[in-house]
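# Structural characterization, general
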Amino acid sequence: MYDVVLLTLGSERDAPGGCGSGGACCGGATGADTGPTSQTDTGPENTSQAAPGQANADQASNDQTSSGQANTDQASNDQTDTGQCATERPRVPVLACADALNARGARVETVTARSDAEIDAVLARFDGPARPDGLTWPDPDSKTRLVIATASDGQLRAVLRRLVKRYAPAPSKRPADLPGNRTLPDLPPVAVLPLDPARGGTHRDLAAQLGLPRDPAAVAAAVLDGTPRRLDLLRNDGGSVTLDGALLGAADDAGRPLHWRARVEVDDTILTDGSEPLLACAVGNAGGYATLNDVTLLTAPDPTDGQVEVAVAVPVVVRSTWGRKRVRLEVRRARGRAVSVLPREGRVPYLDDGVESELTRKRSWWVEPGAWAVWSI
């Protein structure tokens with residue numbers, strides 16, 4: 001029978017010096033990640049404020065393509081994995097999931113991590129045997145399984161970010177057994193336990209988009225009886241990761257979108273060179289930011305197709321037959337293995353997996369096909 005770790009991210013208010021003070025366990029941290037290499041920790045992420053509009057979407061079709069690593073410029077001011085943090089004691093879904101696992105004979109341990117170091121201590125249990133090249137590598141035959149209790153997609157991302165930092169080798173130490181279109185090995189599968197099983201509202205979190213169970217007993221069944229479902233991961237040159245997607249742009253106090261400018265490039269396709277105003281830019285691995293209000297930005301975001309879908313919304317002035325001017329919204333789209341966004345002026349607010357931040361320098365994302373996995377039935 002399996003050993004199962006039920007990991008909850010602790011609240012910053014009861015962990016001085018931990019979550020929210022440089023540990024980033026549930027997102028709060030200071031400092032910045034710099035660069036896409038690892039096996040070493042580059043430091044916690046930076047917190048800033050932003051306010052793009054809310055978006056929601058459904059998943060769409062599968063387009064099988066190959067993908068690879070993109071060369072990117074280093075950037076600062078990485079987004080912070082924020083969101084509603086867990087409370088001091090395990091919440092009811094965690095206890096219910098533990099009971100269901102125990103009833104099946106699993107050996108269960110509940111852990112509340114209040115810092116990156118405490119998350120890392122849990123993830124170390126998934127290390128494989130020592131390798132001749134000295135790299136830390138996940139054990140593909142591990143008998144330990146991980147359940148992440150999440151109050152937000154940002155919390156799930158915080159744990160995946162630590163997995164990437166643990167197992168991604170530096171470019172100079174790239175091993176021969178690493179797939180040619182990846183910069184990291186297959187990460188250990190995780191189970192997702194939403195802490196709001198009866199989630200309402202219009203926004204669909206990643207668990208809902210992927211059709212993952214929300215009931216604690218069903219999550220326990222997926223952990224013990226399920227199979228890994230491998231998904232694409234977006235890495236970025238700020239040292240973090242994206243599971244769902246990012247939405248760049250902002251609105252004023254009245255809800256009107258604000259104009260901004262940036263060069264947006266997908267592989268060799270330039271969606272905008274930065275000379276024209278933008279209302280929004282969506283970077284989609286899954287469908288969380290496929291629509292903005294009543295505008296469809298992304299048409300077929302799919303976290304299993306090895307590609308990132310990108311869209312920009314551009315206001316275009318046109319003249320009618322009678323010479324009258326009107327503004328229509330033009331949405332330009334492209335798909336590829338990498339995307340870069342270079343702001344032309346000021347700060348660009350954005351959401352990344354629901355986490356608020358501001359973009360001041362070039363940011364690049366690239367696809368790691370099938371790099372992470374969830375337990376599903």
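Residues numbered from 1 in each chain as written. Predicted model: local features only at pLDDT ≥ 70, side-chain atom pairs only at ≥ 80, totals over all residues. Heavy atoms only, no water.

Ranked by internal contacts, the top residues of the largest apolar core, which has 35 residues, are Leu7, Leu146, Leu156, Leu160, Leu187, Leu233 and Trp372. In terms of residues, this core owes the most to one element, helix H3 (residues 153–167), which gives seven residues. If we ignore the near neighbours within four places in the chain, the residues touching Leu146 are Val5, Leu7, Val122, Leu123, Phe126, Pro189, Val190 and Ala191. The next biggest cluster of nonpolar side chains, apart from the first, holds 23 residues, and it includes Leu234, Ala262, Leu359 and Val367. (Core = buried A, V, L, I, M, F, W, Y, C linked by side-chain atoms within 4.5 Å. Buried < 20%, exposed > 50% of the residue type's maximum accessible area, 1.4 Å probe, protein only. Helix = DSSP H or I, 4+ residues; strand = E, 2+ residues; numbered from the N terminus. Contact = heavy atoms within 4.5 Å.)

This part is about helix H5 (residues 216–225). The buried fraction of H5 amounts to seven of the 10 residues, a majority that puts the element mostly inside the structure. Buried residues of H5: Pro216, Val219, Ala220, Ala221, Ala222, Val223 and Leu224, and no others. Looking at where H5 begins, the residue whose side-chain oxygen comes 3.1 Å from the main-chain nitrogen of Ala217 is Asp215. (Polar contact = N/O pair within 3.5 Å; in protein donor to acceptor, adjacent residues only side chain to side chain.)

Among the secondary structure elements, Val241 is positioned in strand S6 (residues 241–242). Considered as a pair, Val241 and Asp352 are 111 residues apart in the sequence and their alpha carbons are 9.1 Å apart.

Relative to the elements of secondary structure, Arg145 occurs in strand S3 (residues 144–150). Despite its burial, Arg145 remains without a salt bridge, the nearest opposite charge being carried by Asp225 at 7.2 Å. For Arg145, the side chain forms a polar contact with the side chain of Tyr2, separated by 3.0 Å. (Lys, Arg positive; Asp, Glu negative; His and termini not counted. Salt bridge = Lys/Arg side-chain N within 4 Å of Asp/Glu carboxyl O.)

For the protein, the mean per-residue pLDDT works out to 82, and 76% of the residues sit at or above 70. A low-confidence stretch, residues 12–87 stays under pLDDT 50, and its non-local contacts, those more than four residues away or across chains, total 266 contacts. (pLDDT = per-residue confidence, 0-100.)

One non-glycine residue, Asp267, adopts positive backbone phi at about 50°. The topology assignment puts Asp267 in the loop between strand S8 (262–266) and strand S9 (269–273). Residue Asp267 is classed as partly exposed on the basis of its relative accessible area of 34%.

The next subject is the packing of aromatic side chains. Applying the stated rule across the entire model yields zero aromatic pairs. Directly above the ring of Tyr2 sits Arg145, whose terminal nitrogen or CZ lies 3.8 Å from the centroid. (Phe/Tyr/Trp six-rings, centres within 6.5 Å; stacked < 30°, edge-to-face > 60°. Lys NZ or Arg CZ within 6 Å of the ring centre and 35° of its normal.)

This part covers the pairing of strand S5 (residues 227–236). Walk down a regular strand and you will see the side chains alternate between the two sheet faces. Across nine bridges, the pairing between S5 and strand S18 (residues 363–376) is antiparallel. Note on S18: the bridge partner recorded for Arg230 is Ala373. Direction of pairing for S5 relative to S6: antiparallel, over a ladder of two bridges. Its bridge partner being in S6, Leu234 is matched across the sheet by Thr242. The turn linking S5 back onto S6 is made up of four residues, and Gly239 within it adopts a positive phi angle of 90°. (Pairing = 2+ DSSP bridges.)

Before going further, it helps to spend a moment on the packing of helix H2 (residues 116–123) against H3. Interaxial distance between H2 and H3 falls to 10 Å at its minimum, and their mutual angle equals 65°. Comparing the axis directions of H2 and H3 gives the class roughly perpendicular. Judged by the twist between their axes, the crossing of H2 over H3 is right-handed. Only Val159, Arg161, Arg162, Leu163, Arg166 and Tyr167 of H3 make contact with H2, whose side of the interface consists of Asp116, Ile119, Asp120 and Leu123. The residue makeup of the contact of H2 with H3, split by class, is five nonpolar, no polar and five charged. (Axes fitted to C-alpha atoms, helices over the stretch in contact; angles between N-to-C directions. Parallel < 35°, antiparallel > 145°, perpendicular 65-115°, else oblique. Left-handed = near helix turned anticlockwise from the far one by under 90°. Nonpolar A, V, L, I, M, F, W, Y, C, P; charged D, E, K, R; others polar.)

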